[in-house]
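Structure assessment
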Amino acid sequence: MSIKIYIPRETTSASLGAELIARAIDTEAKYRNIDIEIVRNGSRGACWLEPLIEVESAAGRVGYGPVVLEDVPDLFDADFINGGKHAKSLGDVEALPWFKNQERLTFARCGIIDATSVSAYESLGGFAGLKNALASDADGIIQEVLDSGLRGRGGAAFPTGIKWRTVADCDIEQKYIVCNADEGDSGTFSDRMIMEGDPLSLVEGMAIAGLAVGADTGYIYLRSEYPLTQTILNEAIAAATDAGYLGSDIQGSGKNFTIEVFMGAGAYICGEETSLLESLEGKRGQIRFKPPLPAIEGLFGKPTVVNNVISLATVPVILEKGGKHYAEYGQGRSLGTMPLQLGGNIKQGGLVEKAFGLTLRQLIEDFGAGTATGRPFRAVQVGGPLGAYFPDELLDTQLDYEEFAKAGGMLGHGGVVVFDDSVDMAKQARFSMEFCAVESCGKCTPCRIGSVRGMEVIDRIVEAQNEEDRESQHIVLKDLCETMESASLCAMGGLTPIPVMSAIKHFAADFNKGELQ
Amino acid sequence: MQQLAGPIKYQEWNLDTAQMSVQEFRDRTGGVMLALNKLQQIFGYVDDSAMPMLGKVFNLSRAEIHGVKSFYHDFKSSKPGKYTLKVCQAEACQAMGSQKLTEDIKAFLKVDFHETTDSGDFTLEPVYCLGNCACSPNIMIDNETYGRVSIEGFKTLADALSKEAV
């Protein structure tokens, strides 16, 4: 019997040489006349251990990582195909504290199975949610999602069930399910990970959403920076269609649902839902006024569910195990689990899925093990480029939508970017304005012009010759930020002041250095 | 860390080929985006002469087509180098020294952003997040992402790719 060797086929591992390693293992096995079967799984999320290779032998499933090309002959010499000891041995990967202390619901299968195999997906509970949904009716499905307390994981945290109910209540024949996979926030990669590691969960979630609201057409709007994701998603959609979980007459139910992957073309603003819809219609990605909400008038003016990848990929487990089961995780109004992404200057970066309520300090210190450079921690930005910068004093804030709002931040899509003490926070604040200027859609003045003026004012603050000048520029910046916050049409201009003002509030000294560092 | 399949072979701009290759998108959702992405893939850029042609195909004005094309960073107006090199400028990579890496890459290749090296091998572009933030700093060459990039590693890679590009 051949021995199964799991080698991730996803962006993180590939970016660290996994393709060459896979080829080398295959060649070496043939040369040594060893019968192996290479399975291409996704990433389990321990990016710091990638490429993480696992062997399924008589001794169970054992891991080795991070593997580099030069390790391959050594691994064979150490008899890794039978779980032999090697400097890169990790033993049972799931027993590592990093994994053991997580609570994986959405990412339960991610990195464990061949990402595009329907049978492997089914063997771990896949499509059980869709089958329950088919046996239920639209109201029943929506009730489960409402009971779960699931809120939009894209960043806005709007209750998913209420959005679905709104679309379901529209008495119009043509409706759409649109998955927002334009994951542009720096520091976030959970969408990519699940789409590369367990794409069928997204497929299943979208099909369930279609049943719930009465839509037969779905689009995944994917950012162009993710070409490998596109390939894997298309393979998964084809496999699901072949197995009768997509297409016409799903599982003999008489219901139809199709999914098309639609590629963006490099525009951060297309992650904003109305801009995304414009782009999907083939237009400039300029945002629309709201109301009308996309749930009432969305794609081509029809009722449209626009949900983030993680929201949709979480639906199958809710339908499989029940909304109440999901709601047992988390606290207050932040129910369930949150896939957090640890990135930037962090020793053990990757994806941590955990019930809401964990503190930022536990995440950075216990899971992340501090900075990658070994220098002292200085700041953390949570929630992407529009999220607040927090200093050490705020690290005991709980990861929870309401707790974060109280501390002046936002959880957003769960991206956590760590900086060591070499960071210049005035430069980071300036970058927030610069990024807004580069990526603004240009429709509203506070965002389009305000961001450019913001850069200029921050330059003047930093270069001010005396306290009086500096103080007067601070007044201008505060005023500008208030205008952007209250008068911008969407979150891009409206939230850019958050990182800027939080940097000033918590790291004021960095703005008095005379020049950007 | 080199694992590239070799440079993408872009075709020379040809309006007839362009017109034929976009016909299938005429009645598709977001057809203009699909068409522009397709032309970008085939030729490496979208020539200005495509504007009236696309206008006819999609029953839109030239101005509307130009408006879509100019909105997105990916749609280029001139032929890129053999490789398109994107260096991440976003926060997670900044935290791991991407600004210094960017400066070093610019100095090594002797180009600024949106420029092509004299050899014609590399066109340098900024990018804001490649979704590999736990392994920063990141760069992308054509369709492949490279993580934890150092300037030394980059120089080795660039030299190897330049040889391959000949």
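Residues numbered from 1 in each chain as written. Chains lettered and ligands numbered in written order. Predicted model: local features only at pLDDT ≥ 70, side-chain atom pairs only at ≥ 80, totals over all residues. Heavy atoms only, no water.

1. Some points on the side chain of Asp182(A)
All names here are of chain A. Among the secondary structure elements, Asp182 is positioned in the loop between strand 6 (176–181) and helix 9 (190–197). Lacking a salt bridge, the buried Asp182 has Arg223 as its closest oppositely charged neighbour, with an N-O distance of 4.8 Å. Filtering out sequence-adjacent residues up to four positions away, Asp182 remains in contact with Tyr221, Arg223, Ala267, Tyr268, Cys270 and Gly271. (Helix = DSSP H or I, 4+ residues; strand = E, 2+ residues; numbered from the N terminus. Buried < 20%, exposed > 50% of the residue type's maximum accessible area, 1.4 Å probe, protein only. Lys, Arg positive; Asp, Glu negative; His and termini not counted. Salt bridge = Lys/Arg side-chain N within 4 Å of Asp/Glu carboxyl O. Contact = heavy atoms within 4.5 Å.)

2. Focus: the pattern of salt bridges
When the charged atoms of two side chains lie near each other, side chains of opposite charge can form a pair. Residues and elements named next belong to chain A. Under the definition given, this model contains 42 salt bridges over all chains. Among the ionic pairs, Arg40 bridges to Glu19, the shortest N-O distance being 2.9 Å. With Arg40 in the loop between strand 2 (36–39) and strand 3 (53–57) and Glu19 in helix 2 (residues 18–31), this residue pair connects regions lying 21 residues apart in the sequence. A relative accessible area of 23% places Glu19 in the partly exposed class. The salt bridge involving Arg32 is made with Asp77; its shortest N-O contact spans 2.9 Å. With Arg32 in the loop between helix 2 and strand 2 and Asp77 in helix 3 (residues 71–77), this pair connects stretches of sequence that are 45 residues apart. A relative accessible area of 30% means that Arg32 is categorised as partly exposed. Overlapping salt bridges, with partners in common, bring together Arg44, Glu54, Arg61 and Glu94 in one network.

3. Examining the nonpolar core
Among the nonpolar cores identified, the biggest contains 151 residues, and Trp164(A), Ile220(A), Leu477(A), Leu54(B) and Tyr72(B) are the most heavily contacted of them. Counting residues per element, this core draws most heavily on helix 10 (residues 199–213) of chain A, at 10 residues. Each residue touching Ile220(A), except ones within four places of it in the same chain, is listed here: Cys179(A), Ala181(A), Leu202(A), Met206(A), Leu233(A), Ile237(A), Ile259(A), Glu260(A), Val261(A) and Phe262(A). Counting 34 residues, the second largest nonpolar core, distinct from the first, contains Ala157(A), Leu360(A), Ala388(A) and Ala407(A). (Core = buried A, V, L, I, M, F, W, Y, C linked by side-chain atoms within 4.5 Å.)

4. Describing the sheet that holds strand 9 (residues 304–308) of chain A
Backbone hydrogen bonds are what pair the strands of a sheet, in a parallel or an antiparallel way. Residues and elements named next belong to chain A. In spatial order, the strands read 8-7-6-9; together these 4 strands make up an open sheet with parallel pairing. Looking at which strands have only one partner, the edges of the open sheet turn out to be strand 8 (258–263) and strand 9. On average, each strand axis in the sheet is tilted by 20 degrees relative to the strand beside it, whichever way the strands run. Bridge count for strand 7 (residues 217–222) against strand 8 is 6 bridges, and the pairing is parallel. Within the sheet, the bridge partner assigned to Thr217 lies in strand 8 and is Thr258. Along the sheet face, helix 10 touches strand 6, strand 7, strand 8 and strand 9 and points at about 150 degrees away from the line of strand 6. (Pairing = 2+ DSSP bridges. Axes fitted to C-alpha atoms, helices over the stretch in contact; angles between N-to-C directions.)

5. Structural notes on empty space enclosed by the protein
Residue and element names in this part refer to chain A. All told, the structure shown has 2 cavities of 30 Å³ or more when counted by the stated rule. Within this model, the largest cavity holds a volume of roughly 60 Å³. Grouping the amino acids of the lining of the largest cavity by side-chain chemistry returns 7 nonpolar, 3 polar and 1 charged. If you add up the space inside the second largest cavity, you get close to 30 Å³. Lining the second largest cavity are Arg9, Arg40, Asn41, Gly42, Asp114, Ala115, Thr116, Glu196 and Ile232. By residue class, the composition of the lining of the second largest cavity is 2 nonpolar, 3 polar and 4 charged. (1 Å grid on protein atoms, 1.4 Å probe; cavity = no way out; pocket = protein on both sides within 12 Å on 5 of 7 lines; lining within 4 Å. Points joined across faces, edges and corners; volume = space filled by probe spheres on them. Nonpolar A, V, L, I, M, F, W, Y, C, P; charged D, E, K, R; others polar.)

All quantities given are derived from atomic positions and should not be read as evidence of function.
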